[in-house]
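Each chain, letter by letter, is given below.
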Amino acid sequence: MPLISRRFLPVATGLVLLVATAIVLLAMGRVPICTCGEVKLWTWDVTSSDNSQHIADWYTFSHIIHGMIFYWALHLAAPRLSLGWRAVAALVVEAAWEIVENSPWIIDRYREATIAAGYTGDSVLNSVFDILWMLLGFWLALRLPVWLTVALALAMEIVAALVIRDNLTLNVVMLVWPLDTIREWQAAAGL
């Protein structure tokens, strides 16, 4: 009899990948939790040292949207792959991003190309929860009608842009092709 049933193999694989990602991040020198010694459910201030250190913050919306995008991309690209293995594929992509995002190269890129001058990277707790938030987005895209998924993603982008002058779209633009007009608009808010 197999140790893990075939039905639960994607779940077990996902858990192993989540733990492996945490181990890699720790080996990279990432702090397990916020150096403040607290674990908070939500951090409001994107300019504080608490940002990207706790369970959720304004950038959580970006990770939920990642999950929605990955769900639809994998639904189209790999329709014969089971839902469980598509979720594992999404987890692999998100975990890889969390590792790359916390590399010195990307941290330095954020500092030079965006208004995140004091960004030091994510805590391991934040990175693990970013992956779990992505899985929530994946699940939402599975369960919600397409129009509602799109509306929810747009609402998250709009709210984040209005409140913190940043979101997934602006983040990608500023990492790939930084624009002074965006940087100036973001800086005008004092973020």
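A quick note: this is a predicted structure, and the numbers were derived from the prediction, not measured.

What counts, and at which threshold
- Residues numbered from 1 in each chain as written.
- Predicted model: local features only at pLDDT ≥ 70, side-chain atom pairs only at ≥ 80, totals over all residues.
- Heavy atoms only, no water.
- Salt bridge = Lys/Arg side-chain N within 4 Å of Asp/Glu carboxyl O.
- Helix = DSSP H or I, 4+ residues; strand = E, 2+ residues; numbered from the N terminus.
- Contact = heavy atoms within 4.5 Å.
- Core = buried A, V, L, I, M, F, W, Y, C linked by side-chain atoms within 4.5 Å.
- Buried < 20%, exposed > 50% of the residue type's maximum accessible area, 1.4 Å probe, protein only.

(A) The arrangement of the pattern of salt bridges in detail. Here the structure, examined in full by the defined rule, presents five salt bridges. Ionic pairing is found between arginine 109 and glutamate 112, a salt bridge with its closest N-O pair at 3.2 Å. With arginine 109 and glutamate 112 both in helix H4 (residues 104-113) and three residues apart, the pair spans about one turn of that helix. Here the salt bridges do not stand alone but share partners, grouping Glu38, Lys40 and Asp50 into one network.

(B) Structural context of the environment of serine 123. Note on placement: serine 123 falls in the loop between H4 and helix H5 (124-143). Sequence spacing of serine 123 and serine 62 is 61 residues, and the spatial spacing of their C-alpha atoms is 17 Å. Discounting residues that sit within four places of it in the chain, serine 123 has contacts with Val31, Pro32, Ile33, Cys34, Ser52, Gln53 and His54.

(C) Representation of the nonpolar core within the structure. Core analysis: the largest hydrophobic core is formed by 23 residues, its most contacted members being Met68, Ala90 and Phe138. Among the elements that make up this core, the one with the highest residue count is H5 (seven residues). Here alanine 90 is in contact with Phe70, Leu74, Met134 and Phe138, once residues within four sequence places are set aside.

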